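Coordinates in review
Each chain, written out:
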Amino acid sequence: MVARPSGRKANEMRSMKAKVGIIPNADGSAMFAFGDTIAIAAVYGPRQLHPQHMQDPSTGILRVNYDLLSFSVSERKKPGPSRRSKEISQVTEWALSPVLDLRAFPNTVIDVQIYILQADAGTRTAGINAASMALAHAGIPMKNLICSVAVGKLDKDLALDADNAEEHYDEGEGHTDIPLAKIAGTDEFTLMQLDGKIPPEMIKDVLEMVNKGCEEIYEVQKKALKEIVE
Amino acid sequence: MMIENEINEENEQIESSEGNKRWVVVPGEIIVSGEDFLPGEGARREGDNVIADRFGLAEVAGRMIKVIPLSGAYIPRRGNVVIGRVVDVTFNGWLVDTDSAGSAFLPIAESPRFLNRNEMDQYLGIGDVLSAKIWSIKGRGIDLTLKGRGLGKLEGGFIFRINASRVPRIIGREGSMITLIKEKTGCNITVGQNGWVWVKGDDLDSEIKARKAIEFVADKVLIEGLTDKMEVWFQEN
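A brief look at the structure comes next. (Residues numbered from 1 in each chain as written. Chains lettered and ligands numbered in written order. Predicted model: local features only at pLDDT ≥ 70, side-chain atom pairs only at ≥ 80, totals over all residues.)

Here we take up the overall build of chain A. Within chain A, the regular secondary structure consists of 4 helices and 9 strands. Listed by position from the N terminus, the elements making up chain A come as β-β-β-β-α-β-α-β-β-α-β-β-α. Taking 230 residues into account, the globule formula puts the C-alpha radius of gyration at 17 Å, and chain A, at 17 Å, falls close to it. Expressed along its principal axes, the backbone C-alpha trace of chain A runs to roughly 55 × 40 × 40 Å. (Helix = DSSP H or I, 4+ residues; strand = E, 2+ residues; numbered from the N terminus. Rg over C-alpha atoms; globule rule 2.2 N^0.38 Å.)

Structure follows, in structure tokens:
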């Protein structure tokens, strides 16, 4: 077992922070932070979908836009969509849509805007957590909340919720990143990506680690949502 | 047990939303367990449990479990009176912005008196504010009507927005809250179900007071007996 650069235990996450209702103009909004990674999400809608050819008369659709703000990383990020942000927008949409049933809102769209204020690895998972709370805050009918966290593999050992320093770990087999999202309280996973190499028999341990992490995340999300009602 | 439930159900008819137990739930959270309960709006049954479908206040009224929304966009319903603003005048009606998904259309035939096509924009021009009733919701959008009491163009005063989910709170039980605010400020107030509020009084001070009172009420979600608290608020302000 190698020591994590952050000094955390293998299944220890960074301290989390969550707040709901941060954007007064949105129908629903939330902030979620894993340590130094801060994501904000705003939900608008259900509202009329433009362009019109995308409208679906049988159901409403979900449209997610994820982006890093230009000051969120140490080297200024040129604002606007990139190959990376388009991919993350799409996987976030897929991660969130299984809990939504939008058939009650035909021809409409629910827009989810996710912005990263500060990036220190794990931005897509923080974004999904924030978006899930923001959707709930917007009063959208949902089966459950979505919790998301990444598991890293440093050389041969798993480490929950790796930060930026750990993502650049380069000894032995180096770093492998596995972001996952699941429906809270169930065994249904809605996102699983893999960047790097991992032996198949280790996946079981990865899922177990995520289950434990997601329980903690769910409590944070629940608390933040309940806090806004005085 | 059964008898007790039945009594509660009768109370629900009279008391509607107040006086029942309420607490905040998040989507997917178990509200109650057991076969005795029926899931209402915003709730569903999964095996033995009744589960919240959305974020809001869970309310147990007899056997019925429902979740009252606390936030979010306005979802139009048939029969709702809404306040809107004319965005376009077409050859056979008006296009109205009601702050909801889908556009709202007010056909010329639904105006309370006969109108000639060429005097349409004298009756309602672009930018005019009106209160109208939703008489149908079709796939393409909302159809409005002006036929009914208290509907029509709103002149003078000003409009502002509150969250649509707080509208029942502003109106109060059988209109008790809104009547109180009207009496205390002397203003004319119309509250649209879409969360737009129109206020018109004799002077700006009373209009602003009415707005402050409404925003105060919209802020308080969990407090019981708010009408009494408002009496106190008016004495202090």
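Contacts between the two partners involve 19 residues from chain B and, on the opposite side, 28 residues from chain A. Considered class by class, the residues forming the side of chain B that touches chain A number 10 nonpolar, 7 polar and 2 charged. (Contact = placed C-beta atoms within 7 Å. Nonpolar A, V, L, I, M, F, W, Y, C, P; charged D, E, K, R; others polar.)

All names here are of chain B. Across the sheet, which stays open at both edges, the 4 strands sit in the order S1-S6-S7-S3 with mixed pairing between neighbours. Of all strands in the sheet, those bounded by a partner on one side alone are strand S1 (21-25) and strand S3 (38-39). Sheet topology note: the strand S6 (residues 56-61)/strand S7 (residues 64-69) ladder contains 6 bridges and is antiparallel. Following the sheet pairing, Ala-58 is matched in S7 by Val-67. (Pairing = 2+ DSSP bridges.)

Residue and element names in this part refer to chain A. Overall, antiparallel pairing links the 4 strands, which are arranged S7-S6-S8-S9 in an open sheet. Looking at strand neighbours, the two that pair on one side only are strand S7 (157-160) and strand S9 (189-192), the edges of this open sheet. Geometrically, the sheet is characterised by an average inter-axis angle of 25° between neighbouring strands, direction not taken into account. Pairing of strand S6 (residues 146-154) with S7, which is carried by 4 bridges, proceeds in the antiparallel orientation. (Axes fitted to C-alpha atoms, helices over the stretch in contact; angles between N-to-C directions.)

As a further point, take the packing of helix H2 (residues 123-137) of chain A against helix H4 (residues 203-227) of chain A. Residues and elements named next belong to chain A. It is at 11 Å that the axes of H2 and H4 come closest, and there the two elements cross at 35°. Along this stretch, H2 crosses H4, giving a crossing that reads as right-handed. Contacts between H2 and H4 involve Asn-129, Ser-132, Met-133, Ala-136 and His-137 from the first element and Ile-217, Gln-221, Ala-224 and Leu-225 from the second. Here the contact of H2 with H4 is built from residues that sort into 5 nonpolar, 4 polar and no charged. (Left-handed = near helix turned anticlockwise from the far one by under 90°.)

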